[in-house]
2 protein chains.
Amino acid sequence: MNAEIIAVGSEMLTPQRLDTNSLWLTGQLNILGVEVVAKAVVGDDRKLLAELVALALRRSEILLVTGGLGPTEDDVTRDAVALALGRTMTFRQDICDAIAERFARMGRTMAEINKRQAWVIDGFEPLPNSRGTAPGLWRVLPPGEFGAGRAVALLPGPPAELTPMFERDCLPRLRELVSPLEIRTRFYRVAGMPESDLDQLIAPAYTRYTNPVTTILAKPGDIEIHLRSRCRTADEADRLLSELGAQIEALLGDRIYTRDGDPLEAVIGRMLRESGSTLSVAESCTGGLLGQRITAVPGSSGYFLGGFLTYTDEMKTRLLGVDPGLLRAQTAVSEETAVAMAEGARAQTGSAYAVSITGIAGPDGGTEATPAGSVFVGLSGEGKAEARRFRFLGDRERVRTMAAQMALDVLRRRLMADLARG
Amino acid sequence: MNAEIIAVGSEMLTPQRLDTNSLWLTGQLNILGVEVVAKAVVGDDRKLLAELVALALRRSEILLVTGGLGPTEDDVTRDAVALALGRTMTFRQDICDAIAERFARMGRTMAEINKRQAWVIDGFEPLPNSRGTAPGLWRVLPPGEFGAGRAVALLPGPPAELTPMFERDCLPRLRELVSPLEIRTRFYRVAGMPESDLDQLIAPAYTRYTNPVTTILAKPGDIEIHLRSRCRTADEADRLLSELGAQIEALLGDRIYTRDGDPLEAVIGRMLRESGSTLSVAESCTGGLLGQRITAVPGSSGYFLGGFLTYTDEMKTRLLGVDPGLLRAQTAVSEETAVAMAEGARAQTGSAYAVSITGIAGPDGGTEATPAGSVFVGLSGEGKAEARRFRFLGDRERVRTMAAQMALDVLRRRLMADLARG
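Residues numbered from 1 in each chain as written. Chains lettered and ligands numbered in written order. Predicted model: local features only at pLDDT ≥ 70, side-chain atom pairs only at ≥ 80, totals over all residues.

This brings us to unusual backbone geometry. Here B:Asn211 and B:Pro212 are connected by a cis peptide whose omega angle stands at 5°. Positionally, B:Pro212 belongs in the loop between helix H6 (195–206) and strand E10 (213–219). Geometrically, the link from B:Gly362 to B:Pro363 is a cis peptide bond, its omega value of 0° lying close to zero. As for its position among the elements, B:Pro363 is in the loop between strand E15 (353–359) and strand E16 (374–381). Positive phi is not limited to glycine here, since A:Thr331 has a value of about 70°. Relative to the helices and strands, A:Thr331 resides in the loop between helix H11 (324–330) and helix H12 (335–349). (Helix = DSSP H or I, 4+ residues; strand = E, 2+ residues; numbered from the N terminus.)

What follows concerns the domain arrangement of chain A. Looking at chain A, the domain boundaries give domain 1 (2–178), domain 2 (182–258) and domain 3 (264–421). The C-alpha-based centres of domain 1 of chain A and domain 3 of chain A are spaced at 42 Å. (Domains from an automatic or database assignment.)

Our focus in this paragraph is the interface of chain B and chain A. Contact residues are listed per partner, giving 69 residues for chain B and 71 residues for chain A. The residue makeup of the side of chain B that touches chain A, split by class, is 31 nonpolar, 24 polar and 14 charged. When strand E14 (residues 304–310) of chain A meets strand E14 (residues 304–310) of chain B, the two strands line up antiparallel, connected through five bridges. Note on E14(B): the bridge partner recorded for A:Gly306 is B:Thr310. (Contact = placed C-beta atoms within 7 Å. Nonpolar A, V, L, I, M, F, W, Y, C, P; charged D, E, K, R; others polar. Pairing = 2+ DSSP bridges.)

So, about the nonpolar core. Counting 142 residues, the largest nonpolar core has A:Val355, A:Val377, A:Ala407, B:Val355, B:Val377 and B:Ala407 as the members making the most contacts within it. Core analysis: the second largest hydrophobic core is formed by 100 residues, A:Ile31, B:Leu49, B:Leu154 and B:Leu155 among them. (Core = buried A, V, L, I, M, F, W, Y, C linked by C-beta atoms within 7 Å. Buried ≥ 20, exposed ≤ 12 C-beta atoms within 10 Å, placed from the backbone.)

All names here are of chain B. By the criterion of burial, strand E1 (residues 2–8) is predominantly enclosed, with six of the seven residues buried. Judged from the five bridges that link them, E1 and strand E3 (residues 62–66) form a sheet pairing that is parallel. Among the inter-strand pairings, Ile6 is bridged to a residue of E3, identified as Val65.

Take a look at the structure:
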């Protein structure tokens, strides 16, 4: 099956902004076995959008339209799709009430223009929006009409609204449409390996299978490997999945941190809960990114005690008790300082483990011995303190992202070893 | 005048790659006063590309097609455009010789397949490629034919080939075609206002102008307002921009935190540098998100000292000196605790200002008096400590995002007042 994605919004036709939603959506569609054959970006132009919708529905089975569902005059997606399909729209009081209620919960009154978001293209099913006011719309077009049998989904533009709506309400409907076969999936994630190295390692295994289908998605410091088997019976799908899965697991070993797609911070949270341990952090160049990831997990207050952002040498000494002589002798970006930071955090909070990060995020601040992108991760736990040196390439944001990711992975490996030891 | 850009290449339909050439091309076109009204990405699919070319030429004066000019079977752009225009192609021996010569200069022999690159759509003008083998193609379509008067340029996909060819051979031809307009832009950002409220407030101003064009983009807790004026002279474009800009500034007042698109953390960084002040943070439910945003700004080590992640009551007392009696009496999520956390951070670090966040990110942990989404922001600075209560809707991630955003805005307002006071 083929799909097309149309992103609506004049801002994506400026020299500054790209449609990045389509990358994530493409990944999701690929996992279903659906290929994206064309993508388009249009401004807030009803007629042009209607033309593109009609063209897409003449050739592709699935059409996703993102953006343009807001409350203002600029938001033309509902109108344009209705126009393309020759359908009228109906005002839905229940949707309007739900939007008004959302505003009321925030202690505010719904503005008049938000009523625009309560219009539904006739025959379409509204998809609830857990993070915003604009509902999505979904329809498999009925027989005997233009585009018969094709699926159309209108989704909100902001990623924070799009992602949960797609996962919860759009994906299951697409899955039903795509295949009457039984589908089984596995979703590995691997930390800190370059995509090309990983691919070289596992390609000999997965290229021998057309079923399961393997899709590899790379983000900084994090690679996702999706396996998807489709068979007449669930047993057969499970068998194929386990067969290829076992080979991939043998090749990657403990570099795999999850088999079900959980983020690294959730995997660590589970291990800490399991062992009844507690954690604290000490961050320099990441400035809170590590703590933010750890606490993104609901229930993290069960094992995360707290942390220190020590952005200056003085704060490393004052808050964590790092010896000023050590800072002078070794500098703040060193193995010794990383260890001292982790030990300080553990002593101050009384946590079982403490992880630290100190490095040079750049673009400035590098030296010949310690260029920008140099990062030390420290780890203190009962009986042992250690540090690892990394060198990340890329801009400030990428260096910080990689640093937090590798700090979590250093902790994961230690927790694994300690749990295995009992 | 309007333009469309079509990027050709299956790799840009994967979850990993975007068409980024169009950003640079859009910038070049905007400078000429040409607006991009639609962009598309297609794979190496002759028929689909031909359809999109035909559609684009029905509505836009300029069409740029990038990529698909290589020597392999996959490279379908020449064929597809010829098909869309109903034109034949001619093999040009002079171009073939030039390609062969290029290979010879590198000490290599031209492969047979490179001859494909010597075919020219009849009536089109080849544009020399100084960095690769594929020539570009250019034509203003002749009167009496489909697309009469419209300009079509086929350009190579690799940026290193595209950029010099566009600048040297395409841009001068386009400039001749368009009446040159001057473009001026302004990029406001507003914190903590719902999009519909903002739109209601400023729509009466901006809807009276078709020039400048106004585009409004909303993210959680952050709204962007882009103004863009196009006039025959730069002075006139500046005048129109200032005229509408002054009205928007009068309506939104100090809710506008930037006129040039800077993020909130950069604006605060500038104010802190300006006043020679320093900052620290104390975070509970955001767990590092606030510190992470502040330190995302290069050079933030000039004013950010450090901070505390106090995820438990005990840590609030231990690291920040919050009175346990106060925590028992008022709970950790209260105005009093927020103030005590900020004062503790300021005392511990010696910073001029300290901002704190304490709240319930959810989904669990809420009570009737303090439901999930309740957040207190505390602020301590010389002479005054204060706290503000917020109630955010949405999931854990959204509540945390909004909390950090509003904490930064509370700080910004205080810095503005203190700077004004001198």
